[in-house]
Amino acid sequence: MKKLIIIMLVIAACQSVSAQATKTSSNTPVTTVADTSLAKYSLADSSAVDTAAAKTALSDDDMNNEDLMTAEEAKGLHKQLKTKFIEGNAGFMSLVALALVLGLAFCIERIIYLTLSEIDAKKFMAEIDRLIEEGKIEEAKELCRNTRGPVASICIQGLIRIKESIGNIERSVVSYGSVQTANLERGCTWITLFIQIAPSLGFLGTVIGMVMSFDQIQQAGDISATIVAQGMKVALITTIFGIIVAVVLQLFYNYILSQIEHLTSQMEESAITLLDAITKYKQKGEMA
């Protein structure tokens, strides 16, 4: 009986041990799977962060490289122009540069003068018409004296002669308008001169470059591509710079001409308005 009890206890102990072992083995894979999934998520997050950082670094590097390339291109263009200017004949290139500087000086002076001469002509003439209609001739004269530009100048000439006949006033306004037009066009002949001189100097440099090439061929006693290319290079460089100077000055000159035409049309319209106002004033005085 005792042996039977002992055997049953041993069997129960073995069953408990096997049950515990089974629970341990069933819990172990779950923990391993959870740890593995967490590790995968952490690795994916870290790789995504690293990829974003790498892309940002690459974009920054690309932007820096583009800026460097732009700066190098700007410096390269400046150096190329300087090199080509030096490679051209120094005497003729200096003359072409002088033509550019003087031409731009006259263009800038004309642009400033024409800009300061322009006013709101319609508003100004409306005020003059109102003052003449009210019989305030002295106030109209004072307004013309205090206003800049050719429009005010021709108006003051008409108001000074307001007591004379309409024919005399018209001739006075037209004559003074011609004077003001000449003042607007002053200096434009110099601009056209430099526009014509610049390419002429370039062509002259071309001819001299060709002569230098033939002289060098004669001295060498042989036709060499190097000798011919050197003279042709000088000839073409002077021609290119001369044409560039002429084109730049021509653009400024056309803008100046457009401003002169605009101011001239303002003067003509203002003269007509002034004569009409003076005619109405005289008729009103005769009726009174």
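This one's a predicted model, so the numbers in the text were calculated from it and none came from an experiment. (Residues numbered from 1 in each chain as written. Predicted model: local features only at pLDDT ≥ 70, side-chain atom pairs only at ≥ 80, totals over all residues. Heavy atoms only, no water.)

Undergrad: What exactly am I supposed to notice about the overall build of the chain here?
TA: Counting secondary structure elements, the chain contains eight helices and zero strands. For the chain, the succession of helices and strands along the chain, N to C, is α-α-α-α-α-α-α-α. For the chain, the residues scored as buried account for 27% of the 288 residues in total. Taking the contacts inside the chain whose residues are at least 6 apart along the sequence as the reference set, 78% of them involve residues at least 24 apart. Accessible area of the chain: about 18900 Å², with a carbon and sulfur share of 65%. (Helix = DSSP H or I, 4+ residues; strand = E, 2+ residues; numbered from the N terminus. Buried < 20%, exposed > 50% of the residue type's maximum accessible area, 1.4 Å probe, protein only. Contact = heavy atoms within 4.5 Å. Areas by Shrake-Rupley, 256 points an atom, 1.4 Å probe, with all protein chains shown as cover.)

Undergrad: Got a minute to help me understand the pattern of salt bridges in this structure?
TA: Side chains that differ in sign of charge can pair as their charged atoms come close. By the definition in use, this model includes six salt bridges. Two residues, Arg130 and Glu134, come together in a salt bridge whose shortest N-O distance is 3.2 Å. The closest approach of N and O atoms between Glu138 and Lys141, which form a salt bridge, is 3.7 Å. Here Glu138 and its partner Lys141 are both found in helix α4 (residues 137-145), three residues apart, which amounts to about one turn of the helix. Relative accessible area serves as the criterion here: at 13%, Lys141 is assigned to the buried category. (Salt bridge = Lys/Arg side-chain N within 4 Å of Asp/Glu carboxyl O.)

Undergrad: Even after reading the chapter, I still don't get the packing of α4 against helix α5 (residues 150-160), so can you show me in this structure?
TA: Angle between the axes and distance between the axes are the two parameters that describe a pair of packed helices. α5 packs onto α4 with a crossing angle of 155° between their chain directions and a minimal axis gap of 8 Å. Judged on the interaxial angle alone, α5 and α4 are roughly antiparallel. Helix-helix and strand crossings are classified by hand; for α4 and α5 the assignment is left-handed. Judged by residue contacts, Ile137, Ala140, Lys141, Cys144 and Arg145 of α4 engage Ala152, Cys155, Ile156, Leu159 and Ile160 from α5. Among the residues making up the contact of α4 with α5, the classes are represented as eight nonpolar, no polar and two charged. (Axes fitted to C-alpha atoms, helices over the stretch in contact; angles between N-to-C directions. Parallel < 35°, antiparallel > 145°, perpendicular 65-115°, else oblique. Left-handed = near helix turned anticlockwise from the far one by under 90°. Nonpolar A, V, L, I, M, F, W, Y, C, P; charged D, E, K, R; others polar.)

Undergrad: What should I look at first to understand helix α3 (residues 121-133) in this one?
TA: An α-helix turns once every 3.6 residues. As a result, residues three or four positions apart point the same way. With 13 residues, α3 extends 18 Å from end C-alpha to end C-alpha; this agrees with the ideal 18 Å at 1.5 Å per step. At the exit of α3 stands Gly135, carrying a positive phi of roughly 80°. (Expected span 1.5 Å × (residues − 1).)

Undergrad: Whenever I open this one, a nonpolar patch on the surface confuses me. Can you help?
TA: Together, Phe203, Ile243, Val247 and Leu251 make up a nonpolar patch on the protein surface, roughly 390 Å² of accessible area in all. The greatest single-element share of the nonpolar patch, amounting to three residues, is contributed by helix α8 (residues 225-287). As for its placement among the helices and strands, Val247 is situated in helix α8. The exposure class of Val247 is partly exposed, given its relative accessible area of 46%. (Patch = residues over 30% accessible without salt bridge, like charges linked within 9 Å, V, L, I, M, F, W, Y side chains within 5 Å.)

Undergrad: Is there a simple way to explain the nonpolar core in this structure?
TA: If you look at soluble globular proteins, the nonpolar side chains tend to sit buried side by side. Ranked by internal contacts, the top residues of the largest apolar core, which has 44 residues, are Phe124, Ile128, Ile132, Cys144, Leu159, Ile256 and Leu274. For this core, the elements supplying multiple residues, two or more each, are α2 (90-117), α3, α4, α5, α6 (166-184), α7 (188-220) and α8. Ranked by residue count, the leading element in this core is α8, at 14 residues. Beyond its immediate chain neighbours, meaning those up to four positions away, Ile132 contacts Ile137, Leu159, Leu274, Ala277, Ile278 and Tyr281. (Core = buried A, V, L, I, M, F, W, Y, C linked by side-chain atoms within 4.5 Å.)

Undergrad: Hey, could you run me through the packing of aromatic side chains in this one?
TA: Here the distance between the centres and the angle between the planes together describe a pair of aromatic rings. Tallying each qualifying case throughout the model produces two aromatic pairs. Measuring from ring centre to ring centre gives 6.0 Å for Phe106 and Trp190, while their planes differ by 10°; the resulting arrangement is stacked. Separated by 84 residues along the polypeptide, Phe106 in helix α2 and Trp190 in helix α7 bring together distant segments of the chain. When its relative accessible area of 28% is taken as the criterion, Phe106 is described as partly exposed. (Phe/Tyr/Trp six-rings, centres within 6.5 Å; stacked < 30°, edge-to-face > 60°.)

Undergrad: What exactly am I supposed to notice about α5 here?
TA: Counting buried positions along α5 gives nine out of 11 residues, so the element sits mostly inside the fold. Within the sequence span of α5, burial applies to Pro150, Val151, Ala152, Ile154, Cys155, Ile156, Gln157, Gly158 and Leu159.

Undergrad: What is the right way to read the environment of Glu185 from this model?
TA: Within the secondary structure, Glu185 is located in the loop between α6 and α7. Between the C-alpha atoms of Glu185 and Arg110, which are 75 residues apart in sequence, the distance is 8.4 Å. For Glu185, the residues in contact, after removing those within four places along its chain, are Arg110 and Ile260.

Undergrad: Sorry if this is basic, but what is going on with the confidence of the model for the chain here?
TA: Detailed reading of predicted coordinates is not advised where the pLDDT is low. Of the residues in the chain, 65% reach a pLDDT of 70 or more, and the chain-wide mean stands at 75. Low pLDDT, under 50, characterises residues 19-46; the predicted model gives this stretch zero contacts beyond four residues in sequence or across chains. (pLDDT = per-residue confidence, 0-100.)

Undergrad: When you look at the packing of α3 against α5 in this model, what are you seeing that I'm missing?
TA: For the pair α3 and α5, the least separation of the axes is 11 Å and the interaxial angle reads 15°. When the axes of α3 and α5 are compared, the pair comes out roughly parallel. Taken as a pair, α3 and α5 cross one another with a handedness that is right-handed. Side by side, α3 and α5 meet where Phe124, Met125 and Ile132 of the first sit next to Val151, Ala152, Cys155 and Leu159 of the second.

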